[in-house]
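Now for the letters of each chain:
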Amino acid sequence: MSKTLSLDSEERFARCMDVSGIPAVRDTLDGLDPKSIEGPLFLELLACEGGCINGPGTTDGGSLLQRRSGVTSFAAKAPRNALRDGRGTRLPSRWQPAGVTSREVSEAEIRKALRQVGKRSREDELNCGGCGYDSCRHFARALVAGRAEPAMCVAYMRRLAQKKNSALLKTMPSAAVTVDANLRIVESNRNFARLCGEEAEQVYETSPGLEGAMLDRFVPHTELFQAVLHQGGEVTDKTLRINGAIVNASIFSIEDHHLVGAILQDITDPAMRKQQIVEKSKEVIDKNLQTVQQIAYLLGENASETELILNSIVRSFSGEDGE
Ligand code: SF4
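Sequence positions are assigned chain by chain, starting from 1 and proceeding in written order. This being a predicted model, a pLDDT of at least 70 is required before a residue's local features are given, and a value of 80 or more before pairs of side-chain atoms are given or counted; all residues contribute to the totals for chains, interfaces and linings. With hydrogens and water stripped out, all remaining heavy atoms of the structure feed into the side-chain values.

In the vicinity of the ligand, the contacting residues are Lys119, Leu126, Asn127, Cys128, Gly129, Gly130, Cys131, Cys136, Phe139, Cys153, Val154 and Ala155. Contributions of two or more residues to the shell around the ligand are made by helix 5 (136-145) and helix 6 (154-171). Gly is put with the polar residues, along with every residue not named as nonpolar or charged; the nonpolar set is Ala, Val, Leu, Ile, Met, Phe, Trp, Tyr, Cys and Pro, and the charged set is Asp, Glu, Lys and Arg. Across the shell around the ligand, the residue classes break down as eight nonpolar, three polar and one charged. Near residues are defined by distance, with any heavy atom within 4 Å of the molecule or strand qualifying the residue. Elements are defined by DSSP. Helices are runs of H or I of four residues or more, strands are runs of E of two residues or more, and each kind is numbered from the N terminus.

Now for the environment of Leu169. Its place among the elements puts Leu169 in helix 6. It is 8.8 Å that separates the C-alpha atoms of Leu169 and Glu187, two residues lying 18 residues apart in sequence.

The next subject is unusual backbone geometry. The backbone of Asn127 sits at a positive phi, close to 50°, despite the residue not being glycine. Among the secondary structure elements, Asn127 is positioned in the loop between helix 4 (107-116) and helix 5. One non-glycine residue, Asn243, lies in the positive phi region at around 50°. With respect to the helices and strands, Asn243 occurs in the loop between strand 5 (234-242) and strand 6 (245-255).

Another point: the side chain of Asn189. Position of Asn189 relative to the elements: it lies in the loop between strand 4 (185-188) and helix 7 (190-196). Two N or O atoms count as a polar contact when they lie within 3.5 Å, although within protein this holds only if one can serve as hydrogen donor and the other as acceptor, and sequence-adjacent residues are included solely when both atoms are side-chain atoms. A distance of 2.9 Å separates a polar atom in the side chain of Asn189 from the backbone oxygen of Leu169. From its side chain, Asn189 meets the backbone oxygen of Ser174 in a polar contact 3.0 Å long. Setting aside residues no more than four positions away along its own chain, Asn189 makes contact with Leu169, Lys170, Met172, Ser174, Ala175, Ala176 and Tyr204. For this analysis, residues touch if any pair of their heavy atoms sits within 4.5 Å.

Nonpolar core, defined: a set of buried Ala, Val, Leu, Ile, Met, Phe, Trp, Tyr and Cys residues in which side-chain atoms within 4.5 Å join the residues together. A simple rule labels every residue: compare its accessible area, found with a 1.4 Å probe on the protein chains alone, to the largest value its type can have, and call it buried under 20%, exposed over 50%, or partly exposed in between. If you look at the biggest cluster of nonpolar residues, it comprises 29 residues, and the most contacted ones within it are Val177, Ile185, Phe192, Phe225 and Leu264. Contributing elements (two or more residues each) for this core: strand 3 (175-180), helix 7, helix 8 (198-206), helix 9 (223-231), strand 5, strand 6 and strand 7 (259-266). Core analysis: the second largest hydrophobic core is formed by 15 residues, Cys131, Leu143, Ala148 and Cys153 among them.

Each aromatic pair joins two rings of Phe, Tyr and Trp (for Trp, the six-membered one) with centres within 6.5 Å, and gets the label stacked for planes under 30 degrees apart, edge-to-face for over 60, and tilted for any other angle. Within this structure, the stated rule accounts for one aromatic pair. Centroid distance Tyr133 to Phe139: 6.0 Å. Interplanar angle 55°. Geometry classified as tilted. Since its relative accessible area comes to 2%, Phe139 is described here as buried.

Where like charges cluster on the molecular surface, the positive patch consists of Lys112, Arg115, Arg120, Arg159 and Lys163. Owing to a relative accessible area of 59%, Lys112 belongs among the exposed residues under this scheme. Patch definition: residues above 30% relative accessible area lacking any salt bridge, with like charges linked at up to 9 Å and the nonpolar side chains Val, Leu, Ile, Met, Phe, Trp and Tyr linked at up to 5 Å. Accessible surface is estimated by sampling points in the Shrake-Rupley manner with a 1.4 Å probe; for residues, cover comes only from the protein chains shown. Definition used for salt bridges: Asp or Glu carboxyl oxygen within 4 Å of a side-chain nitrogen of Lys or Arg. His is not counted, nor are the chain ends; Lys and Arg add positive charge and Asp and Glu add negative charge. Every charge is mapped to an atom, namely NZ of Lys, CZ of Arg, CG of Asp or CD of Glu.

Below, the structure written as structure tokens:
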């Protein structure tokens, strides 16, 4: 583009510069005093590093070098000075600046937008750039302008996911625990502490979730957890003995080799026993129904076959079949 521009307007734009990537563009323009530039200068400022061939609209695959080499090979095949001697194709076009309509965003609006993504104090503003904006305040401005949405803030989404996770853990009737690669507890619910006994319950009071405690402090046999950590997958319906209770355990991998979760049900708990009895009774009723239906089907089939045979005997004795 720069080359073509200098070909077509040799006098005006004798100098062309191209810069790509937002940081490079910023470095180029920061503190620029246009008066200090001598003569006309054409600046090609490209947001994507490497230019359009590395932009979001390009086809997948191939390194930047390959794409660049493709473009230069293509350009090399074009007739030299095509534009100058009139053999090339001219594509004239005119654009009117569309202008950017922006309004002043008040401090109150910024604060309100920040609260929307859980940022109530300066400390909450992490300015991590995960949303694509330089700072939380830039992001808040974009929120007010309707150019961004809360789900773009990674910190907010992470906190939301954690809250949902904790709410689920808290309300589930079974004991639940997650452990890291060192078998340290990452999170657990009160039912887990209750299952593990008095000591665990006491620790839970001061350190909710038992975060950071070693699992083997409360659960005697941790081999199943180790196995799932190393092999991934899950083990279900395993029986463990924890603090005198017989427990049905389902252990599963949440993140291979890093995070394992477990749901533990105390099958000696009267409430659990009652539930199991109800479930077993339902199973027996369903089985009975299936058996009755099968018997009825066989009886019906047998009766119709018998009827057919008897009818043919009657016909043969009454001479209906001509004998
Ligand atoms: S992702 Fe969230 S925390 Fe990070 S800069 Fe953007 S708004 Fe701030």
